[in-house]
Amino acid sequence: MKALAEQEDPLAQALVDNWSFPMDLMFVTPEGEFHSKLNAFKDFRRPHHDVGQPSYVEWGGPTHEEVFLMHVNKHFPSNTDPHQ
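In what follows, the accompanying structure is described. Quick caveat, the model's predicted, so the values are computed rather than measured.

Remarks on the side chain of H71
Here is step 1: Tracing the backbone through its elements, the reader meets H71 in helix α3 (residues 64-75).
Here is step 2: Using a relative accessible area of 10% as the deciding quantity, one classes H71 as buried.
Here is step 3: At 2.9 Å, the side chain of H71 forms a polar contact with the side chain of S36.
Here is step 4: If we ignore the near neighbours within four places in the chain, the residues touching H71 are F27, S36, K37 and L38.

Written out as structure tokens, the structure reads:
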């Protein structure tokens, strides 16, 4: 990705400029411009019990699926509720 960004690829540059450890789900416009993202540590705060537990875990919070769907509905409000 870095090599593509160095070649001035706009999508690669948007991803490199907005990436955070350890993993991001990034949303970009059809033109390849950064729109928003979800970060594995910051946004998905209720990990599966089989995964190592960092100190910030919020037991009883929304599931990863719920966090993802809330983010999509917030940033892309024309989408319908997938639970209906």
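Structural notes on the pattern of salt bridges
Here is step 1: Enumeration over the complete set of coordinates arrives at one salt bridge.
Here is step 2: Of the charged contacts, one joins K37 and D24 as a salt bridge, the two residues approaching to 3.5 Å between their closest N and O atoms. One end of the pair, K37, is in strand β2 (residues 34-39); the other, D24, is in strand β1 (residues 24-28), with 13 residues separating them in the sequence.
Here is step 3: For K37, a relative accessible area of 25% puts it in the partly exposed group.

Cut-off values and rules
Residues numbered from 1 in each chain as written. Predicted model: local features only at pLDDT ≥ 70, side-chain atom pairs only at ≥ 80, totals over all residues. Heavy atoms only, no water. Helix = DSSP H or I, 4+ residues; strand = E, 2+ residues; numbered from the N terminus. Buried < 20%, exposed > 50% of the residue type's maximum accessible area, 1.4 Å probe, protein only. Polar contact = N/O pair within 3.5 Å; in protein donor to acceptor, adjacent residues only side chain to side chain. Contact = heavy atoms within 4.5 Å. Salt bridge = Lys/Arg side-chain N within 4 Å of Asp/Glu carboxyl O.

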